[in-house]
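Understanding the architecture of this molecule
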There are 4 protein chains.
Amino acid sequence: MELEIDHEGPVPVYRQLVDSIRAAIESGEFQPGRPIPSVVQLVQTYGVARGTALKALRVLVDEGLVEIVQGRGAYVTRR
Amino acid sequence: MELEIDHEGPVPVYRQLVDSIRAAIESGEFQPGRPIPSVVQLVQTYGVARGTALKALRVLVDEGLVEIVQGRGAYVTRR
Amino acid sequence: MELEIDHEGPVPVYRQLVDSIRAAIESGEFQPGRPIPSVVQLVQTYGVARGTALKALRVLVDEGLVEIVQGRGAYVTRR
Amino acid sequence: MELEIDHEGPVPVYRQLVDSIRAAIESGEFQPGRPIPSVVQLVQTYGVARGTALKALRVLVDEGLVEIVQGRGAYVTRR
DNA sequence: GTGGTCTAGACCACC
DNA sequence: GTGGTCTAGACCACG
């Protein structure tokens, strides 16, 4: 998963997060059925706002790459 | 009854227990009037916390698949 | 809503919470569509453990007196 | 609550326990709504068998002096 | 802030 | 041995 976020550039931060996480999933760094970093971890690691991390999560859910389970976390979709 | 619990995956642990026990009942592995594994056995076998095993039990009782006999254990409902 | 929980008495603590909240609903103290005290408030106000407060909540939900809105809280059921 | 049990005499041990506990209730030593000593405590304090302590408890319940709440303990009946 | 999940430990009566 | 109750703490997504 890429480590740098460009807060100044033209690409929305949440988009950068989405692309970064998607790349990590497609590369196999994040395995199906395994958790992706929690919202809190994303916030701390990338220095983004909570809302930004949540927005990125929503996009990934809409794309079917990630599933949310309440009380447990966000996971890479199996299949 | 399935032997593996995925503590890292998206499915809540107590749900995995419920599904596993229900499958064993429906397959006939656990017969009506016969006991299902005790809470302590579930804890030891699957490495889950007591509260988690009890929560699974409660769901099965609510579904009518299992009934509790105090001091004796949990049994597959007859009928 | 009654203010005293008897931790030494015969009635299970979660049951006392259920009875207390139900009484407040039926008396109109807690109005339909309005929130009931949060889990954290119950914990702090009555000196009970989180699990105990959640157990009481679950009973009220099962009885149809209360409904949960995720991320917002527990509300008295309308109707 | 009396401290001596006569294991050799003609009075059944469970009866001696019953009388002892009843006396403690009637004297106010054990208050209504408060717990009486647990089965384990009776066993340890008086050196009686578990079955004996349980039998004494049953008699007290039948007499309406004590009420049992599963998971919590035995309590002096209110009123 | 909210409730949901989970762990680890304790004590209880009952069989 | 059995399940039921309770505490104290943790982490999660969601608003």
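What counts, and at which threshold
Residues numbered from 1 in each chain as written. Chains lettered and ligands numbered in written order. Predicted model: local features only at pLDDT ≥ 70, side-chain atom pairs only at ≥ 80, totals over all residues. Heavy atoms only, no water. Helix = DSSP H or I, 4+ residues; strand = E, 2+ residues; numbered from the N terminus. Rg over C-alpha atoms; globule rule 2.2 N^0.38 Å. Buried < 20%, exposed > 50% of the residue type's maximum accessible area, 1.4 Å probe, protein only. Contact = heavy atoms within 4.5 Å. Areas by Shrake-Rupley, 256 points an atom, 1.4 Å probe, with all protein chains shown as cover. Phe/Tyr/Trp six-rings, centres within 6.5 Å; stacked < 30°, edge-to-face > 60°. Lys NZ or Arg CZ within 6 Å of the ring centre and 35° of its normal.

Identification of chain A as HTH gntR-type domain-containing protein from Asanoa iriomotensis is taken from an unreviewed UniProt entry.

So, the overall build of chain A
The helix and strand tally for chain A stands at three helices and two strands. When the helices and strands of chain A are placed in sequence order, the string is α-α-α-β-β. Relative to the compact-globule value of 12 Å for 79 residues, chain A shows a C-alpha radius of gyration of 12 Å, a close match. Principal axes of the C-alpha set define a box for chain A whose edges measure 35 × 25 × 20 Å. Taking all 79 residues of chain A together, the buried fraction comes to 34%. Of the contacts made within chain A by residues no fewer than 6 positions apart, 53% connect residues no fewer than 24 positions apart. Carbon and sulfur atoms form 51% of the exposed surface of chain A, whose accessible area is close to 4,800 Å².

A word on the packing of aromatic side chains
Summed over all chains, the structure comprises zero aromatic pairs over all chains. Between K55 of chain B and the ring centre of Y14 of chain B, over which it is positioned, the NZ or CZ distance is 4.8 Å.

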